[in-house]
Amino acid sequence: MKILCVGAGLSGAVIGRHLAEAGYDITVLDTRNHVGGNCHTERDAETGVNVHIYGPHIFHTDDKEVWDYVNSYETFLPYKNRVKTTSRDPEGKRQVFSLPVNLHTINQFFGRTLRPEEARDFITKEQADTSIEDPQTFEEQAMRFVGRDLYEAFFKGYTIKQWGVQPSELPASILKRLPVRFNYDDNYFFHQFQGMPENGYTAMIEKILDHPGITVRLETAFDRSMAGDYDHVFYSGPLDGYFDFELGRLGYRTLDFERFTHDGDYQGCAVMNYGEESVPYTRITEHKHFSPWESHEGSVCYREFSRAAEPDDIPYYPVRQVKEKALLSEYVTLAEQAEGVTFVGRLGTYRYLDMDVTIREALDTARGFLDAAEAGAPAPAFFVAPL
């Protein structure tokens, strides 16, 4: 069977490799001039820094099979994501704080020396707005959890810039648990396995695609007329784009990057958030710190700006508000009526996915496809439901 994988990111590469190893003839195409999708990394010619071109990607997972999978193609070295944020304390003084909000953040912000249980009582009994009994919005949920001071310093401005709406317009479900740690753990993630590929994500994905049964065609746009040349298509592009946006466009946020270089160390950390709404960018990333095992005199940094995606922009974050979910449901119905195509990945299922989940779903999809083929059954439009 001849299989077409549209998109040379994680979804297309993993599915293509798994099916190639099962004897299928695989073609992977991508409109860009490189593989890797938004995970793409490349060496900066001026500084030698390995740059995450479409924004930083940090690998973290509790899925041992996925961890073993990525390490079979590229050595992952230890990396802990320790984010800092510049914001104002209750006195209006700008300071650098540690994220996620933890015991050090609380003590620094309020000028205290609280122990864990004291801090818990202070937040839940003195700061949290207990008058909010049934939070309905992100703002109410944050106020109920941490109170106005912490909410305005660390959540409000950043959320407005990231999503382009007031937190009072976002659902409470976004903030599912208390976003505070009552210890000094500033590792952003909880997962057992955390790291960065020694030579970057593009090097890893190139190795995944390096198989005699796989042909990679870059700078090639997909057209539905191509599907007739293949027995099945795995499509990781935008779901609405597959249908030429005939029902309208699903909403996305996109990112603009303002690149600059620096001699030496610009900010001393990989990620510095800016919580104030008056600062137009959400964060500055300094990319040499994503590879702490390397040493570079120069530095490459990006100021990151979030805005609503226009038709010609790269779609980053699915909005998934009420209006978008209703339109998504209509596109899912269209997709389920289409034959010979399975929609995969972040764009194909209109969901925000971490890299480990993307790989897990790609592996499961490839295995599910092989099971269906063995049983003589057609593959479904979605192995993972978008809704």
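Residues numbered from 1 in each chain as written. Predicted model: local features only at pLDDT ≥ 70, side-chain atom pairs only at ≥ 80, totals over all residues. Heavy atoms only, no water.

### What about the sheet that holds strand E10 (residues 214-217)?
Now for step 1: An order of E10-E2-E1-E11-E17 is seen for the five strands of this open sheet, with the pairing classed as parallel. Only two strands of the sheet have a single partner each, and these edge strands are E10 and strand E17 (341-343). Across the sheet, the mean angle from the axis of one strand to that of its neighbour is 20°, orientation sign disregarded.
Now for step 2: Relative to E10, strand E2 (residues 25-29) is paired through four bridges, and the arrangement is parallel. Along E10, the bridge assignment pairs isoleucine 26 with isoleucine 214. (Pairing = 2+ DSSP bridges. Helix = DSSP H or I, 4+ residues; strand = E, 2+ residues; numbered from the N terminus. Axes fitted to C-alpha atoms, helices over the stretch in contact; angles between N-to-C directions.)

### Describing the nonpolar core
Now for step 1: In this structure, Leu19, Ile26, Phe59, Phe154, Met204 and Ile359 are the most contacted members of the largest nonpolar core, which totals 71 residues.
Now for step 2: Contacts of phenylalanine 59, omitting those with residues within four sequence positions, involve Val66, Trp67, Val70, Phe76, Phe193, Gln194, Gly195, Tyr201, Met355, Asp356 and Ile359.
Now for step 3: In this structure, Leu4, Tyr242, Tyr252 and Leu347 belong to the second largest nonpolar core, which totals 24 residues. (Core = buried A, V, L, I, M, F, W, Y, C linked by side-chain atoms within 4.5 Å. Buried < 20%, exposed > 50% of the residue type's maximum accessible area, 1.4 Å probe, protein only. Contact = heavy atoms within 4.5 Å.)

### Regarding the layout of surface pockets
Now for step 1: The space that makes up the second largest pocket amounts to roughly 200 Å³.
Now for step 2: Taken together, 14 residues form the lining of the second largest pocket, with Ser87, Arg88, Asp149, Glu152 and Ala153 sitting closest to its centre.
Now for step 3: In terms of residues, the lining of the second largest pocket owes the most to one element, helix H6 (residues 148-163), which gives six residues.
Now for step 4: Of the residues that constitute the lining of the second largest pocket, the class distribution is three nonpolar, three polar and eight charged. (1 Å grid on protein atoms, 1.4 Å probe; cavity = no way out; pocket = protein on both sides within 12 Å on 5 of 7 lines; lining within 4 Å. Points joined across faces, edges and corners; volume = space filled by probe spheres on them. Nonpolar A, V, L, I, M, F, W, Y, C, P; charged D, E, K, R; others polar.)

### Let's talk about the side chain of threonine 285
Now for step 1: Looking at the secondary structure, you find threonine 285 in strand E14 (residues 283-286).
Now for step 2: One polar contact links threonine 285 to histidine 287, side chain to side chain, over a distance of 3.0 Å.
Now for step 3: Among residues more than four places away in sequence, those in contact with threonine 285 are Pro56, Gln267, Ala270, Val271, Phe290, Val300, Cys301, Tyr302 and Glu304. (Polar contact = N/O pair within 3.5 Å; in protein donor to acceptor, adjacent residues only side chain to side chain.)

### Description of the sheet that holds strand E9 (residues 193-197)
Now for step 1: A sheet is described by the order of its strands in space; here three strands give the open sequence E5-E9-E6, paired in antiparallel fashion. Each end of this open sheet is capped by a strand with a single partner; those strands are strand E5 (59-61) and strand E6 (76-78). The mean angle between the axes of side-by-side strands here comes to 40°, regardless of whether they run parallel or antiparallel.

### Observations regarding helix H5 (residues 138-146)
Now for step 1: Turning to H5, its buried residues are Phe138, Gln141, Ala142, Met143, Phe145 and Val146.
Now for step 2: Among the residues trailing H5, glycine 147 stands out with phi positive, at a value near 90°.

### Here's the deal with the pattern of salt bridges
Now for step 1: Using the criterion set out here, one finds 24 salt bridges in the structure.
Now for step 2: The partner of arginine 303 in a salt bridge is glutamate 258, with the nearest N and O atoms 2.7 Å apart. Placement of the pair is arginine 303 in strand E15 (residues 298-308) and glutamate 258 in strand E12 (residues 252-263), with a sequence separation of 45 residues.
Now for step 3: A residue is classified by how much of its surface remains accessible, and glutamate 258, at 37% relative accessible area, is partly exposed.
Now for step 4: Of the charged contacts, one joins aspartate 364 and arginine 360 as a salt bridge, the two residues approaching to 3.0 Å between their closest N and O atoms. Of this pair, aspartate 364 and arginine 360 are both found in helix H11 (residues 355-375), four residues apart, which corresponds to roughly one turn of the helix.
Now for step 5: The class for aspartate 364 is partly exposed, based on a relative accessible area of 38%.
Now for step 6: By relative accessible area, which is 19% here, arginine 360 ends up buried. (Salt bridge = Lys/Arg side-chain N within 4 Å of Asp/Glu carboxyl O.)

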